[in-house]
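Overview (structure and organization)
Listed below are the residues making up each chain.
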Amino acid sequence: FHKIICMIQLLSAETNIECYYGVGTKYRGTVAVNDGGNTCQEWSAQTPNVHSYTPESYPHFDMEGNNYCRNPAPGLDAKPWCYGMTGARFNLCDIPLCKVVEVEVVAVTMSSNEASSSEAFDDDLGTVADTLCDGEEHWLKAELITYSCIKVPNK
């Protein structure tokens, strides 16, 4: 067995509809007013703003049939945004940033074969998170954001 030390970032999956993390590419809430106070234009509409950010071009961003704030351009924008029906062409949306919990896991042990397999570690990660948080209900549905691990050799 080897000792594995991991830094895990967890986010309650339920909060991803009330807030965003990172640059908001996974935000799936229903805010439909930008921070300029303008109602958002439906993503499939081309009026009043002609654009290329259509549900067909960005099928993984839940833009079909709605005007909710999204961020299909993570390299260009720092948070969810939308095209406005009036005023500026587009604005960022007033959506709070999610709180992320960072947890350091020490002494997670696996056989040496399992320790080299990230797939085996991924399979065990839910159990690790559940154990860390003592089975609290809000963490049972936790979403893994990132993790990084180092293997500590046996002495």
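In this report, we go over the structure that sits alongside the text. (Residues numbered from 1 in each chain as written. Predicted model: local features only at pLDDT ≥ 70, side-chain atom pairs only at ≥ 80, totals over all residues. Heavy atoms only, no water.)

Along the backbone of the protein there are 3 helices and 5 strands. The buried share among the 155 residues of the protein stands at 37%. Entry remark: accessible area of the protein is about 8,900 Å², with carbon and sulfur atoms responsible for 53%. (Helix = DSSP H or I, 4+ residues; strand = E, 2+ residues; numbered from the N terminus. Buried < 20%, exposed > 50% of the residue type's maximum accessible area, 1.4 Å probe, protein only. Areas by Shrake-Rupley, 256 points an atom, 1.4 Å probe, with all protein chains shown as cover.)

A word on the pattern of salt bridges. By the definition in use, this model includes 1 salt bridge. The salt bridge involving Asp62 is made with Arg70; its shortest N-O contact spans 3.0 Å. For Asp62, a relative accessible area of 37% puts it in the partly exposed group. (Salt bridge = Lys/Arg side-chain N within 4 Å of Asp/Glu carboxyl O.)

Throughout this description, disulfide means a covalent bond between two cysteine sulfur atoms. Considering all chains together, one arrives at 2 disulfides under this definition. Between the sulfur atoms of Cys40 and its disulfide partner Cys82 the distance amounts to 2.0 Å. In this structure the cystine formed by Cys40 and Cys82 twists about its S-S bond by roughly -70°; its chirality is therefore left-handed. Placement of the pair is Cys40 in the loop between strand E1 (2-12) and strand E2 (81-83) and Cys82 in strand E2, with a sequence separation of 42 residues. For the pair Cys40 and Cys82, one class covers both residues: buried. Between the sulfur of Cys69 and that of Cys93 lies a disulfide, 2.0 Å long from S to S. Handedness of the Cys69-Cys93 disulfide follows from its S-S torsion of about -85°: it is left-handed. Here the residue Cys69 occupies a position in the loop between E1 and E2, and Cys93 occupies one in the loop between strand E3 (90-92) and strand E4 (101-110), the gap between them amounting to 24 residues. Residue Cys93 is classed as buried on the basis of its relative accessible area, which comes to 0%. (Disulfide = S-S within 2.5 Å.)

Here Asn34 shows up in the loop between E1 and E2. A polar side-chain atom of Asn34 sits 2.9 Å from the main-chain amide nitrogen of Gly36. In contact with Asn34, other than residues within four places in its own chain, are Cys40, Cys82, Gly84, Asn91, Leu92 and Cys93. (Polar contact = N/O pair within 3.5 Å; in protein donor to acceptor, adjacent residues only side chain to side chain. Contact = heavy atoms within 4.5 Å.)

Formed by 14 residues in total, the largest nonpolar core has its most connected members in Trp43, Tyr53, Cys69, Cys82 and Ile95. Aside from chain neighbours lying at most four places away, what touches Tyr53 is Trp43, Tyr58, Met63, Pro72, Ala73, Leu76, Trp81 and Tyr83. (Core = buried A, V, L, I, M, F, W, Y, C linked by side-chain atoms within 4.5 Å.)

Right, let's talk about the environment of Pro72 for a bit. The topology assignment puts Pro72 in the loop between E1 and E2. With relative accessibility at 5%, the residue Pro72 sits in the buried group. When the C-alpha atoms of Pro72 and Thr25 are compared, they prove to be 6.4 Å apart, with 47 residues separating the residues in sequence. Beyond its immediate sequence surroundings of up to four residues, Pro72 is in contact with Trp43, Tyr53, Tyr58, Phe61, Met63 and Trp81.

Before going further, it helps to examine the packing of aromatic side chains. This structure, assessed with the given rule, holds 8 aromatic pairs. Judged by centre distance (6.0 Å) and plane angle (70°), the rings of Trp43 and Tyr83 are edge-to-face. Placement of the pair is Trp43 in the loop between E1 and E2 and Tyr83 in strand E2, with a sequence separation of 40 residues. With respect to burial, Trp43 and Tyr83 carry one shared label: buried. Through a chain of ring-to-ring contacts, the aromatic side chains of Trp43, Tyr53, Tyr58, Phe61, Trp81, Tyr83 and Phe90 assemble into a single cluster. (Phe/Tyr/Trp six-rings, centres within 6.5 Å; stacked < 30°, edge-to-face > 60°.)

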